[in-house]
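# Overview (structure and organization)
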Amino acid sequence: MTTQVAIAGIIFVTFLWGSWFQTVKHLGNFPVHAFISIMYGISVIIVWAAIGLLGKQMIPSGIFAEIKSSPGLTLAILGCGIVFGIAMQMHLTVVKRIGLILSTSVSATCAILGGTIISVLFAGIPEGVSVASLFAASVLLILATITCQYAGVCRDREKQKADEQQKSDEKQQSRTQDILLLAFINLILMSSYPLANSIGLRSALNPDGFSSLTCMGILVIGAFAGSASFTLILLCRQKESIAKVMVLIPSGKLLMLASIAAFCHFGGNVLHAIFAPVVSVAIATVIGNSYHCWSYIWGMIYGEFKGTSKKTKGILLGGIVLFVAGVILISVNSV
């Protein structure tokens, strides 16, 4: 596989990653935490079905033989998956409290910084690619996120959906705590995903790693375990009755939405794990973080910026251009 093909594949993965969150908008009254656990359960089926179909071609020695050869690495990836599943649930919980506009600015900035630092430290970078270029591309992606978020703020002001009433000191303190928690989740806990890729994927810089399918097969089990544990703990804390818990049984529509989300989320993870070793995990992580761009493109498709001024639309377009510039910068330095 050539570097150009791998980069194109990673860019396609960013579309999948930036799209699966759209399913959450169609849940109605169904609890988000339960939906995410169902999504990860379906993800386990999808990933291990892929292992069953492609395992012999991609893992000649067999997946269980590969796992048995390095139990320490297996446990490390499993642990990363558990932390990642819990982090995703915590992230959505905080987002629900403080809103999407503010949370995306914080989470994207921290995730881009954390992911870049972790991948550079643990996966290394190939010859000919400088750390400076990686972080320059990361800065462009952060600026792109902030610019697009500002466009969202302008949109809400024009539609009179923002600037409600002045928050009290107590509420402001609560929001500050949520922002700090969100920063911790995305800078530390969410970094478990790039860490798993950095230590777990076999590449020229990490010859002792696993094949892509083995790494993702272990990671998805951990993510499901972490997410399901979070849901169970939440149900116990809320002292849900059996009757209320039965309401969590999803309908056919919800199962379809969860399947779409699982395909985009962990199906994208599998593809990313296949393409990443070709260009290096560090470069793939930086390019992958441009997935936030698709959230704003979907917002435009949904008409969220319909009726806004040319200034607001220009700011949004400028943010999207910065996303593209960041991807081009790192891609040119990688080919």
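Quick notes on the rules
Residues numbered from 1 in each chain as written. Predicted model: local features only at pLDDT ≥ 70, side-chain atom pairs only at ≥ 80, totals over all residues. Heavy atoms only, no water. Helix = DSSP H or I, 4+ residues; strand = E, 2+ residues; numbered from the N terminus. Buried < 20%, exposed > 50% of the residue type's maximum accessible area, 1.4 Å probe, protein only. Patch = residues over 30% accessible without salt bridge, like charges linked within 9 Å, V, L, I, M, F, W, Y side chains within 5 Å. Areas by Shrake-Rupley, 256 points an atom, 1.4 Å probe, with all protein chains shown as cover. Salt bridge = Lys/Arg side-chain N within 4 Å of Asp/Glu carboxyl O. Phe/Tyr/Trp six-rings, centres within 6.5 Å; stacked < 30°, edge-to-face > 60°. pLDDT = per-residue confidence, 0-100. Contact = heavy atoms within 4.5 Å. Expected span 1.5 Å × (residues − 1). Bend = angle between axes of the 7 residues up to and from the residue.

A positive phi angle, near 100°, is found at Ser280, a position not held by glycine. Mapped onto the elements of the fold, Ser280 is located in the loop between helix H11 (252-279) and helix H12 (281-288). You can call Ser280 buried: its relative accessible area is 5%.

Here we come to a nonpolar patch on the surface. A surface patch of nonpolar side chains, about 650 Å² in accessible area, is lined by Leu113, Ile117, Leu121, Phe122, Phe184, Leu187 and Ile188. Looking at the nonpolar patch, the elements that each hand over two or more residues are helix H5 (100-123) and helix H7 (169-189). Broken down by element, the residue count for the nonpolar patch peaks at 4 residues, all from H5. You can see Phe122 is positioned in helix H5. A residue is classified by how much of its surface remains accessible, and Phe122, at 47% relative accessible area, is partly exposed.

Scanning the model with the defined rule gives 7 aromatic pairs in all. Seen from their ring centres, Trp48 and Phe64 are 6.1 Å apart, and the 25° between their planes marks the pair as stacked. With Trp48 in helix H2 (residues 32-58) and Phe64 in helix H3 (residues 63-69), this pair connects stretches of sequence that are 16 residues apart. The class of Trp48 is partly exposed, set by a relative accessible area of 23%. By way of ring pairs, the aromatic residues Trp17, Phe84, Tyr193 and Tyr291 are connected into one cluster.

Chain-level statistics for the protein give a pLDDT mean of 81 and a share of 87% at 70 or above. Within the protein, helix H8 (residues 192-200) carries the highest mean pLDDT (90), whereas helix H10 (residues 242-246) carries the lowest (50). Note on residues 162-172: pLDDT under 50 across the span, and 5 contacts to partners over four residues away in sequence or across chains.

So, about H11. Here H11 contains 28 residues, and its C-alpha end-to-end distance of 40 Å stays within 8% of the 40 Å for a straight helix at 1.5 Å per residue. Most pronounced at Ala273, the bend in H11 amounts to some 25°, and the proline Pro277 follows within four residues.

So, about the side chain of Ser43. Residue position: Ser43 is located in helix H2. Ser43 sits in the buried class, given a relative accessible area of 0%.

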